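# Examination of the molecular architecture
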Amino acid sequence: MEANVEVKAKEVIKSPSGFSVVWRELIKDKLALISLIFLIGVTAFVYGTAIFLDQEEIVKVDLFSIYEPPGEEFILGTDYGGRDVFGQLIIGTRNSLSIAILVTLMTGIIGIIYGLVSGYFGGHIDNIMMRILDFFLILPFTMIVIAFVAIVPKYSVWTFSLIMTAFLWMGIARLVRSKALAEKELDYIQAARTLGTSNFKVVFKHLLPNVSSIIIVNMTINLAGNIGLESGLSFLGFGFPESTPSLGTLLSYARNPQTLEFRWWIWVPASLMILLLMLAVNNVGTALRRAVDARQRRG
Amino acid sequence: MWKFSVRRILIMIPQLFVLSLLIFVLAKMMPGDALSGQIDPNIDPARIEELRIEMGWYDPWHEQYARWVGGVMQGDFGMSFRFKMPVTELIGQRIVNSFWLSVATLILTYLIAIPLGITSGRYNDTFRDQLITGYSYVGFATPLFIFALVMLWVFGFQLQWFPTSGSVEPGMEPGTFDYFMSKFYHLLLPALSMALITTFNTILYLRNEIIDTKQKDFILLARSKGASESRVYNQHIFRNSLLPIAAFFGFEITGLIGGSIFIENIFGYPGMGQLLIESISLRDFSVVTATTLLFGIASILGALISDIILSLVDPRIRIK
Amino acid sequence: MGFLKIEDLKVHFPIKGGLFGRTIDHVRAVDGVSFTLEKGKTYGLVGESGSGKSTTGRAIIGLNHVTSGKVYFEDKEITGVTKAKSDFRKDIQMIFQDPYSSLNPKKRVIDLVAEPLRNFEKLSRKEERIRVQELLELVGLNPESILKYPHEFSGGQRQRIGIARAVALKPKLIIADEPVSALDVSVQAQVLNFMKEIQDELDLTYMFISHDLGVIKHMCDHIGIMYKGRYVEEGTAKEIFDNPQHIYTKRLVAAIPDIDPRKREEMKQFRAEVNSEYEQSYNDYFNEEGLAYGLKPITDTHLVALPEKG
């Protein structure tokens, strides 16, 4: 019995699981580790405190405390409506993170399915699907999203994320397709078919696990990008409605030159938050990329 | 080569068709019509109905679409009901400004990217290379609009080195040298802001390309024949790595459009991007439709140009 | 009627070209091939690379699209059946050439070997585990290693996993597509002998595809020789090796290495003779396009591609 346990232990050393490889890579890369801790900390803090903050209260206009500089009552001052910037920063970070994660997941799912189908079946199906994808890829993202946001009648956070998703799935679809094209030529896919495995199972049980690592890396990097895209659109006034502030909403106050020049406390903290979030997510993504590609590993 | 080009142009036709259809549907879905802003509200609603019928508002959609496309082909985008002038005329002024902004941005992008990319690729894994890749890494993670805001704040407002809005000093005589210089002066900060952020792509591409080429057999051969280091780089490596970069500029157009929407709004620069945002908030939908269509066509043409140039440079693409 | 019967099988691949990517021509990978397999025997399909032998095997099992022709298995037509759950899938299995790419690197041995069982048989987890361990024992692997990943095994061991998986459903026919050519020579003999052992044990029929005549000689009862998508000669192993009729076969047989060093000079001379004969009479044995003629019977079992007399 004891001998058996020992054998098991040896096996674990011989073939490290995916998770331990990633962990080793993170430990080696101090920057990525700090980034990860920062991300976990910020996420826990904003989601935690947002429970106790009353969003209605924060976005309510208070005419007696307009443009207060940072002080004792308001840690980060107030905006043109006398609203607490610090509270908006917390809620904004939460909202920005939520929508970025949501859009990343939705684009991921669409992209994966689209890419797998196109790559696995190939031929005419692939041809047509790629033409459609090319068209979406050519459209300038900001412009088309703005146009859609402007005409949607019942505009909400959900419609916003759906519009973003509709024009952001192409990158991952293309990546998954090219991996699937390469992967399906390998004999194990052919073998699975001779063993009586259905196409559906071949795609999701054989193909998907073998392209999953690159999908995870890509989605992490996309998450960073989506934080930037969302705040950019909110900055222009085509993202979140004003009743649900995001980091971009805070930055959009800086479109007023007076605010930009004299009231830094409104837009600088939000800018820093966006920058730090994006850098941190990217750092983690790069570490993941190295963990996935054995040639680049440091650990 | 010509075969690829013809096929590529044929692909473009359905793309243009779908784009125009998409924008037509968008325009139809937009609230209100050309009359709702133009006409005195005191006019009898029955008369408005008559006018609508006259203008073909209730015709089948394909007839309306055909009429719209026909108009666009002749350069007629309808009337802007806010500015009370033909959209074509309105766009005419803005498009020139946007064009120069794009040209300046592209030139600056390449001016920054090529030396940095070459240095980084040639001396890879040295301190210089780490500085450059570090810069492009931060550039990759920084949203354009935040960087532009900071640039405007620092160089426009705090240091006051550059103007903070407009495309030219008011009251200048068009055509004079001062007018030209003023335009250039107003262009510089927006173009530089955009170039500094968008350049990272090109830098990293160039770096990887050079590092790749460095290890190819024909470079080893050139070295073994005793070619000097600078000759190896100038004659062999750069030629192979720079050509694809030149071809990418068509793809850059899509990025430039996205960027110009932010840049023009932040710097108060009167171009197409600003016009788009303005007309959406003013609900001036005939202008929105026109700008969206023009931006879309520009992107499609950009991709076409790049694909064709790339096929000239890189024969592997032609086979696909 | 035979056990497996192939009638005038053709597999053509389109060549795309021109302005709109239309089909302008075809590659005739397999161009009219007919043969019959007998139950319990081993049939060898030989040819150089690109001769269409692998394509033939893959077309039979439904991995390649059949352009025309018929495939019968136990008197039932199975041509072009691509449905995953067809009955014949249980009965016909395949062993792949490359033991490195034919096993999904992300799966453990138990999942790999149990895959066909899960597709066709409803077993409980425990039954499944027992069956997999039995199969591993059958192919000479440690039954304890069911939780390992493929990359922890050597090439020969991996090919044994592939075989375990192929025999899991107790098939009647196994198509072995160059099963040993990716392995070290020392391991090749091991795997081949092992395949012979389980053939008797499980009453298997093999269709053995290889470019290596030495391997074929060791394994097969009947042999078909392919060249550019067509048969040039077919017969029993004895007929092919002792009495090759077609010049192409003669040349192949002459090329088999002999281990006796004393015969080296003799062999060299013999090869030179065959080679010069090949060059001289090439036009007699192949038509203007360099393809083989239709098969003519010499004896009951021996068929050779010879031109019409006259």
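Residues numbered from 1 in each chain as written. Chains lettered and ligands numbered in written order. Predicted model: local features only at pLDDT ≥ 70, side-chain atom pairs only at ≥ 80, totals over all residues.

### A short note on the pairing of strand E8 (residues 205–210) of chain C
All names here are of chain C. For E8, the tally of buried residues reaches six of six residues, placing the bulk of the element in the interior. The alternating pattern of E8 places Thr205, Met207 and Ile209 and Tyr206, Phe208 and Ser210 on opposite faces, both of which are buried. Here strand E3 (residues 42–46) runs beside E8; their pairing, made up of five bridges, is parallel. What sits directly across from Gly44, in E8, is Phe208. Across five bridges, strand E7 (residues 173–177) lies against E8 in parallel orientation. In the sheet register, Ile174 faces E8, and the bridge partner there is Tyr206. Since E7 and E8 lie parallel, the crossover through helix H6 (residues 185–202) that links them has a hand, and here it is right-handed. (Buried ≥ 20, exposed ≤ 12 C-beta atoms within 10 Å, placed from the backbone. Helix = DSSP H or I, 4+ residues; strand = E, 2+ residues; numbered from the N terminus. Pairing = 2+ DSSP bridges. Right-handed = clockwise from strand over helix to strand, strands pointing away.)

### Some remarks on the sheet that holds strand E10 (residues 230–236) of chain C
All names here are of chain C. Taken in spatial order, the eight strands make up an open sheet running E6-E7-E8-E3-E9-E10-E12-E11, and their pairing is mixed. Edge positions in the sheet fall to strand E6 (92–95) and strand E11 (295–297), since each of these pairs with one other strand and no more. With direction set aside, neighbouring strand axes in the sheet form an average angle of 20°. Of the pairings in the sheet, the one linking E3 to strand E9 (residues 222–227) comprises four bridges and is parallel in character. (Axes fitted to C-alpha atoms, helices over the stretch in contact; angles between N-to-C directions.)

### Concerning the interface of chain A and chain B
Contact residues are listed per partner, giving 28 residues for chain A and 31 residues for chain B. Among the elements of the structure, helix H6 (123–138), helix H7 (141–151), helix H11 (199–236), helix H13 (257–262) and helix H14 (264–292) of chain A are those that each provide at least two residues to the side of chain A that touches chain B. Take the side of chain A that touches chain B: its biggest share by element is seven residues, from H7 of chain A. When grouped by side-chain class, the residues that make up the side of chain A that touches chain B number 21 nonpolar, six polar and one charged. (Contact = placed C-beta atoms within 7 Å. Nonpolar A, V, L, I, M, F, W, Y, C, P; charged D, E, K, R; others polar.)

### Some details on the environment of Ile274 of chain A
Within the secondary structure layout, Ile274 of chain A lies in helix H14. Between the C-alpha atoms of Ile274 of chain A and Met130 of chain A, which are 144 residues apart in sequence, the distance is 34 Å. Setting aside residues no more than four positions away along its own chain, Ile274 of chain A makes contact with Ile227, Gly228, Ser231 and Leu247 of chain A together with Pro143 and Ile146 of chain B.

### Points about the packing of H7 of chain A against helix H13 (residues 285–313) of chain B
Closest axis-to-axis distance for the H7 of chain A/H13 of chain B pair is 10 Å, and the angle between their directions is 155°. The orientation of H7 of chain A relative to H13 of chain B falls into the category roughly antiparallel. The chirality of how H7 of chain A crosses H13 of chain B is left-handed. Here H7 of chain A contributes Met143, Ala147 and Ala150 of chain A to the contact with H13 of chain B, which in turn contributes Val288, Thr292 and Phe295 of chain B. In terms of residue class, the contact of H7 of chain A with H13 of chain B is built from five nonpolar, one polar and no charged. (Parallel < 35°, antiparallel > 145°, perpendicular 65-115°, else oblique. Left-handed = near helix turned anticlockwise from the far one by under 90°.)

### Observations concerning the interface of chain C and chain A
Taken together, the contacts link 22 residues of chain C with 19 residues of chain A. Only E6 and helix H3 (109–120) of chain C provide two or more residues apiece to the side of chain C that touches chain A. Of the residues forming the side of chain C that touches chain A, the biggest block, four residues, is contributed by H3 of chain C.

### Some remarks on unusual backbone geometry
All names here are of chain B. Although it is not a glycine, Asp125 adopts a positive phi angle of roughly 65°. Residue placement: Asp125 occurs in the loop between helix H5 (87–122) and helix H6 (127–141). With phi around 55°, Gln160 is a residue other than glycine that occupies positive phi space. Examined against the element boundaries, Gln160 turns out to sit in the loop between helix H7 (144–158) and helix H8 (177–214).

### Concerning the confidence of the model for chain A
Residues and elements named next belong to chain A. On average, chain A scores 81 in pLDDT, and the residues at 70 or more come to 85%. Here helix H1 (residues 2–14) stands out as the least confident element of chain A, with mean pLDDT 39; helix H5 (residues 85–121) is the most confident, with 90. A low-confidence stretch, residues 1–15 (pLDDT under 50), is modelled with four contacts involving residues beyond four sequence positions or located in other chains. (pLDDT = per-residue confidence, 0-100.)

### A word on the nonpolar core
If you look at the biggest cluster of nonpolar residues, it comprises 205 residues, and the most contacted ones within it are Ala148 of chain B together with Met207 and Phe208 of chain C. Discounting residues that sit within four places of it in the chain, Phe208 of chain C has contacts with Thr42, Tyr43, Gly44, Leu45, Ala176, Ile216, Met219 and Cys220 of chain C. Counting residues in hydrophobic clusters, the runner-up holds 10 residues, among them Ala113, Leu206, Ile210 and Tyr233 of chain B. (Core = buried A, V, L, I, M, F, W, Y, C linked by C-beta atoms within 7 Å.)

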